Amino acid sequence: MRFFLTLPDGRSFALEKPVVSVGSEPACDVVLSAPGVKGSHALLFRDARGWTVSAAGPDCDVRVRGKRVELSPLEPGASFSLGKASLTLTASEPEVASVPSATPSRLLGVLTDFASRLLVQRPASELLEAALRGIADVTSADVGFLVSVEGERRQVLGATGSVPASVVVDSLVDQVVGSGTPVLVPDVAAEAALAGAPSVLALRLTSALVLPLRAASAPLCAVYLGRRLGSPPFSPRELEEAMALSSLAALLLATSRELTDLRAQVDSLTQRIAAATFEGLIGESPAMRNLYRQVERLGPTSLHVLIQGETGTGKEEVARALHRRSGRRGRLVAINCAALPESLIERELFGHARGAFSGATSDRAGLVEASDGGTLFLDEIGDMPLTLQSRLLRVVQEHEVTRLGEHRPRKVDMRVIAATHQPLKTLVARGAFREDLLFRLDEVRLEVPPLRERGEDVLLIAHHVLKQQGARARGFTQKAAEALRGHPFPGNVRELVSRVRRAAILASGELIGVEDLDLAADTAPLVPLDEARDAFVLRYVREALARSGGSKKEAARALGIGLRSVFRYLGEED
Ligand SMILES: Nc1ncnc2c1ncn2[C@@H]1O[C@H](COP(=O)(O)OP(=O)(O)OP(=O)(O)O)[C@@H](O)[C@H]1O
């Protein structure tokens with residue numbers, strides 16, 4: 001059954017779309033100029049029960065049998081009025097027997113195929129081919145092809161049979177690409193403008209259906225379906241089914257593209273991480289590369305090293321890297337001076353003789369002896385009690401240790417690496433740290449930069465942690481990546497690692513979002529504007545410095561400010 005709208009001037013408008021707009025504006029499907037007819041006055045739409053008329057707004061006068069209505073079903077033959085214009089819905093049997101529209105099982109088959117392709121990732125070209133085959137099958141098209149349109153460039157991406165090259169320069173394809181809406185031509189012969197179209201001639205078509213297929217940022221495609229002599233024309237119902245499938249296919253393509261992009265991103269990050277890894281440390285920022293060079297140079301020497309950096313920046317990792325690069329055959333023995341009470345540090349470090357204190361039931365070597373031939377790592381050296389510092393000085397200076405309760409010193413060959421987040425010079429000034437010990441430990445100093453000055457390293461480490469977790473999520477949303485880059489990370493790498501680990505457990509999809517990382521910007525406490533501005537300027541200047549490999553001159557040039565300003569913002573004297 002085909003439906004028509006008979007207009008006041010006797011013209012008949014075929015209702016071939018499921019929704020038809022009526023009004024005085026030229027953009028409407030049915031343009032009516034009569035008193036009382038608004039720009040966009042009414043919509044006619046079709047569902048399983050038939051056609052319904054609906055007023056487009058509260059001031060649009062729509063009447064059925066003289067009664068004003070907002071919404072009213074229309075029987076075939078029913079008249080209704082829009083303003084002063086009277087219209088009638090008429091129905092007629094199609095002149096040619098129609099092809100039975102896709103049976104539910106055929107539609108279901110195509111839908112199932114689409115769904116299964118969502119699960120098994122295929123290349124986009126394969127998905128497009130499958131979409132074309134599915135749509136051509138459901139609409140019982142005699143021919144079908146798919147053209148991609150990128151500017152002037154057109155390309156046949158797939159076809160159900162052989163398709164001459166001339167069809168790509170086709171006015172129907174132009175029309176669909178230009179408007180982004182489908183075109184249904186039930187009877188090509190009746191449309192003089194189309195009768196000579198290359199596709200119609202080359203494929204000997206009697207009826208055509210052309211649909212747009214757009215998948216996110218992918219180039220627009222047109223699905224061209226045709227029927228030949230002997231086949232009935234395409235129907236509006238087939239147009240609807242084809243459009244539904246084309247939308248689904250677009251979704252399928254968009255998802256496939258997203259997954260492909262994500263995989264490519266993960267692959268490239270994996271390669272970047274591999275190239276940016278040095279002895280367990282990850283980072284490709286100039287600051288970290290500089291650190292790697294220093295570790296490489298200092299590793300094989302026997303110089304004592306003082307590692308300075310904020311908490312959680314990776315000082316212990318740097319100490320381990322130095323030890324591995326030292327070639328020393330012994331172990332790296334670590335002690336955290338902040339974690340133990342004074343008496344325990346003493347026993348742990350220096351060892352004791354049997355009976356040295358109550359409970360000392362046997363002789364025991366300390367960590368200093370255990371590091372013989374290797375490295376002694378003294379973490380949080382700033383917290384080493386003053387009373388123990390002189391004993392430690394002897395160890396560092398003389399390379400000998402005396403166990404508690406003994407008088408005989410024992411020779412040890414170890415290298416000392418100490419780490420601290422505290423400014424030891426200030427501790428010396430306060431009398432809390434021995435200056436002579438500082439000189440001994442500070443033969444060379446390594447600065448581990450805070451994470452916020454390492455640029456993209458944040459993302460590399462985040463991806464590495466995610467991979468290590470073996471989580472379902474394989475990446476971060478754009479917003480989450482931006483939030484990670486913008487977060488100041490007061491707890492440095494340790495904070496980053498724990499945030500990502502937690503997010504990996506919480507995230508339910510392929511990508512970790514800002515909410516999973518608990519980094520929503522608006523949850524941060526507000527600070528006075530001046531403070532926020534200063535903090536931002538400092539961070540930005542440091543970032544510029546990091547990107548310019550530490551060159552203040554280059555950073556100044558990149559920021560468009562003078563060299564003196566760079567010093568000023570960094571709080572340094574020039
Ligand atoms: N560059 C890096 N790449 C990857 N992981 C890192 C990096 N730096 C540190 N980590 C990880 O971050 C965590 C903290 O590092 P580490 O314990 O070495 O920091 P720290 O500066 O010694 O901390 P603290 O100041 O508390 O002693 C560890 O899990 C470590 O493996």
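Model, not experiment: these values are computed from the prediction.

Colleague: Report on the site of the ligand, specifying residues and quantitative values.
Modeller: Near the ligand you find 18 residues, and of these I282, G314, K315, E316 and V493 are the closest. Within the residue set of the shell around the ligand, elements represented by two or more residues are β18 (281-282), α8 (315-324) and α16 (492-506). A breakdown of the residues in the shell around the ligand according to their chemical character gives six nonpolar, seven polar and five charged.

Colleague: Explain the sheet that holds strand β11 (residues 85-92) to me, using residue names and the numbers behind them.
Modeller: Taken in spatial order, the six strands of this open sheet run β2-β1-β11-β10-β7-β8, and their pairing is antiparallel. One side of each edge strand has no neighbouring strand; the edge strands of this open sheet are β2 (12-14) and β8 (67-68).

Colleague: Please provide a residue-by-residue account of the sheet that holds strand β9 (residues 71-74), values included.
Modeller: In any sheet, the strands associate via hydrogen bonds between backbone groups, in a parallel or an antiparallel arrangement. Read from one edge of the open sheet, five strands run β4-β3-β5-β6-β9, paired in mixed fashion. Both edges of this open sheet fall to β4 (30-31) and β9, since each of them pairs with a single strand only. Both strand β6 (residues 50-55) and β9 contribute to a ladder of four bridges, which runs antiparallel. When the bridges of β9 are listed, W51 appears paired with L74.

Colleague: I'd like a description of the environment of L127, backed by residues and values.
Modeller: Take L127: it is sitting in helix α2 (residues 124-138). For L127, a count of 21 C-beta atoms within 10 Å translates into the label buried. Taking the C-alpha atoms as reference points, L127 and S256, separated by 129 residues in sequence, lie 8.6 Å from one another.

Colleague: Tell me about unusual backbone geometry, residues and numbers included.
Modeller: Located in the positive-phi region is R65, a residue other than glycine, with phi close to 50°. Its location among the elements puts R65 in the loop between β7 (62-64) and β8. A positive phi angle is found at E380, which is not glycine, with a value near 50°. Tracing the sequence through the fold places E380 in the loop between β23 (375-379) and α11 (386-398).

Colleague: Now, about helix α6 (residues 236-275): what can you tell me, with residues and values included?
Modeller: Because an α-helix completes one turn every 3.6 residues, residues spaced three or four positions apart along the sequence face the same direction. If you check α6, its first and last C-alpha atoms are 58 Å apart, about what 40 residues at 1.5 Å a residue would give, namely 58 Å. Taken together, the buried positions of α6 are E238, L239, A242, M243, L245, S246, A249, L252, L253, S256 and L269.

Colleague: How would you sum up the pairing of strand β10 (residues 79-82)? Please name residues and give values.
Modeller: Burial along β10 is one-sided: F80 and L82 are buried, while S79 and S81, pointing the other way, are not. Here β10 pairs with β11 via four bridges, running antiparallel. Looking across to β11, one finds that S79 is bridged to T88. Connecting the antiparallel pair β10 and β11 is a turn made up of two residues, with G83 showing a positive phi of about 60°.

Colleague: Give a description of the UniProt feature "coiled-coil region" (unreviewed entry) in the protein that names residues and reports values.
Modeller: Here, UniProt's "coiled-coil region" (unreviewed entry) annotation points to residues 252-279. Within the segment residues 252-279, helix and strand shares are 86% and 7% respectively, and the terminal C-alpha atoms sit 42 Å apart.

Colleague: Before we move on, could you go through the pairing of strand β3 (residues 19-23) and cite the residues and values that matter?
Modeller: Strand direction decides the pairing type here: β3 and strand β5 (residues 42-47), joined by four bridges, are antiparallel. Within β5, the position partnered with V20 by the bridge is L44. Of the strand pairs in this sheet, β3 and β4 are connected by two bridges, and their pairing is parallel. Among the inter-strand pairings, V22 is bridged to a residue of β4, identified as V30.

About the criteria used
Residues numbered from 1 in each chain as written. Predicted model: local features only at pLDDT ≥ 70, side-chain atom pairs only at ≥ 80, totals over all residues. Near = placed C-beta within 6 Å. Helix = DSSP H or I, 4+ residues; strand = E, 2+ residues; numbered from the N terminus. Nonpolar A, V, L, I, M, F, W, Y, C, P; charged D, E, K, R; others polar. Pairing = 2+ DSSP bridges. Buried ≥ 20, exposed ≤ 12 C-beta atoms within 10 Å, placed from the backbone. Expected span 1.5 Å × (residues − 1). UniProt positions renumbered as here; feature names shortened; annotations may be inferred.

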